[in-house]
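So you can see what is in the structure, the chains are spelled out below.
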Amino acid sequence: MPGAFITIEGLEGVGKSTCLDIIKNELSKHGHKVLVTREPGGTQLGEKLREWILSGEPGSLSAKTEVMLMFAARSHHLEKVIRPALDKDYWVICDRFTDATFAYQGGGRGASREWLENLKKMIHVDLEPHLTLLLDAPAEVGLARIANREADYFEREDKDFYRRVREVYLEISISEPKRVKVINATKPIDQVNDRLIAVINEFLFHRETYL
Ligand code: TMP
């Protein structure tokens, strides 16, 4: 049986890592081969770029440079990891993908939407995630949850930046309701987990309607 490409998106502090574990367990339980990866990252080059970007001084990169670095890492990731795994019938779960570039660089930094659309077409016109789980919470909620850890390049941005990021994520979910499932991440953890399991099972058992 062919695999599928699932992405997980959301602001910082919304619980993506727990979500990844739950999805991975659920898919493995059903006997699927699972590969978990992330962006920026997932390859040696991607991880180096990630480390370099996230440890940088806020404001040190322009919106255009951020966009190009994200898409450079993504292009390599698609060539070396994501496409080969899908070809071998793996289920690929990716912690962030192109929606994050639309949200963070488009919404947060104001990068041109048309420009982002063109780059997306260049890099993966033939491959969209089959399912995207958007863990949604107001900026204040996520930021409060990460307040005690050392902030990286993006985490030092203010609430308005994150409000714009969230707005774009929600816009994408409205324009692509079939692909993007919104999970209310402000609910108690048990309810979030139950909803995740329900969404992934709905996808597993009615997969043909998503493709
Ligand atoms: P995280 O995966 O640990 O949340 O960290 C990755 C950071 O990179 C996060 O702040 C979102 C940001 N990012 C972008 O700004 N654009 C992108 O295209 C991607 C994939 C991530």
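Predicted model, so just to flag it, every value in this text is computed and none were measured.

Rules of the game
Residues numbered from 1 in each chain as written. Predicted model: local features only at pLDDT ≥ 70, side-chain atom pairs only at ≥ 80, totals over all residues. Heavy atoms only, no water. Helix = DSSP H or I, 4+ residues; strand = E, 2+ residues; numbered from the N terminus. Rg over C-alpha atoms; globule rule 2.2 N^0.38 Å. Buried < 20%, exposed > 50% of the residue type's maximum accessible area, 1.4 Å probe, protein only. Contact = heavy atoms within 4.5 Å. Areas by Shrake-Rupley, 256 points an atom, 1.4 Å probe, with all protein chains shown as cover. Lys, Arg positive; Asp, Glu negative; His and termini not counted. Charge placed at Lys NZ, Arg CZ, Asp CG, Glu CD. Core = buried A, V, L, I, M, F, W, Y, C linked by side-chain atoms within 4.5 Å. Near = heavy atom within 4 Å. Polar contact = N/O pair within 3.5 Å; in protein donor to acceptor, adjacent residues only side chain to side chain. Pairing = 2+ DSSP bridges. Salt bridge = Lys/Arg side-chain N within 4 Å of Asp/Glu carboxyl O. Axes fitted to C-alpha atoms, helices over the stretch in contact; angles between N-to-C directions.

### Some remarks on the overall build of the chain
From N to C terminus, the chain includes eight helices and five strands. In sequence order, the chain lays out its α and β elements as β-α-β-α-α-β-α-α-β-α-α-β-α. Taking 2.2 N^0.38 as the reference for a compact globule, 211 residues should give roughly 17 Å; the C-alpha atoms of the chain span a radius of gyration of 16 Å, in line with that estimate. Along the longest, intermediate and shortest principal axes, the C-alpha atoms of the chain span 45 × 40 × 30 Å. Evaluated residue by residue, the chain yields a buried proportion of 53% over its 211 residues. Of all intrachain contacts in the chain linking residues separated by at least 6 positions in sequence, the fraction that spans at least 24 positions is 81%. In the form shown here, the chain has an accessible surface area of approximately 10300 Å², with 52% of it arising from carbon and sulfur atoms. In the chain, the 30 positive side-chain charges and the 33 negative ones have mean positions that sit 2 Å from each other.

### With respect to the nonpolar core
Among the nonpolar cores identified, the biggest contains 65 residues, and I23, L27, Y104 and L133 are the most heavily contacted of them. When residues of this core are assigned to their parent elements, the largest contribution, 10 residues, is made by helix α3 (residues 63–87). Apart from residues no more than four positions distant in its own chain, L27 is found in contact with I6, H32, V34, W91, I93, I200 and L204.

### Some remarks on the site of the ligand
Neighbouring residues of the ligand: 14 residues in total, closest E12, R50, R96, T101 and Q105. Here an oxygen atom of the ligand sits 3.3 Å away from a polar atom, N or O, in the side chain of K16. The side chain of R50 places a nitrogen or oxygen atom 2.9 Å from an oxygen atom of the ligand. A total of 480 Å² of accessible area belongs to the ligand in isolation, and the protein chains cover 93% of it. Secondary-structure elements contributing two or more residues to the shell around the ligand are α2 (44–54), α3 and α4 (98–108). Of all the elements, α4 adds the most residues to the shell around the ligand, at four residues.

### Quick look at the pairing of strand β4 (residues 131–136)
For β4, the tally of buried residues reaches six of six residues, placing the bulk of the element in the interior. In β4, alternate side chains face the same way, and those of L131, L133 and L135 on one face and T132, L134 and D136 on the other are all buried. Here strand β1 (residues 5–10) runs beside β4; their pairing, made up of five bridges, is parallel. The partner of I6 across the bridge, within β4, is L131.

### So, the pattern of salt bridges
Two side chains of opposite charge can pair, provided their charged atoms sit close to one another. Throughout the structure, instances matching the rule amount to 19 salt bridges. For R38, the salt bridge identified is with E47, shortest N-O distance 2.6 Å. Looking at R38, the relative accessible area reads 33%, which means it is partly exposed. Through salt bridges with shared partners, a single ionic network connects D99, K120, E128, E176 and R179.

### Focus: the sheet that holds strand β3 (residues 91–95)
Strands belonging to one sheet form pairs held by backbone hydrogen bonds; the direction of such a pair is parallel or antiparallel. Pairing within the open sheet is parallel, and its five strands lie in the order β2-β3-β1-β4-β5. Here the strands that pair on one side only, and so sit at the sheet edges, are β2 (34–38) and β5 (180–184). Averaged over all adjacent pairs, the angle separating strand axes in this sheet is 20°, with direction ignored. Two elements, β1 and β3, share four bridges in a ladder whose sense is parallel. From the neighbouring strand, T7 faces β3, where its bridge partner is C94. Of the strands in this sheet, β1, β2 and β3 are in contact with α3, which crosses β2 at around 160°. The strands that helix α7 (residues 159–175) touches are β1, β4 and β5; relative to β4, the one it contacts most, it runs at about 140°.

So far we have only geometry, and geometry alone does not tell us how the molecule works.
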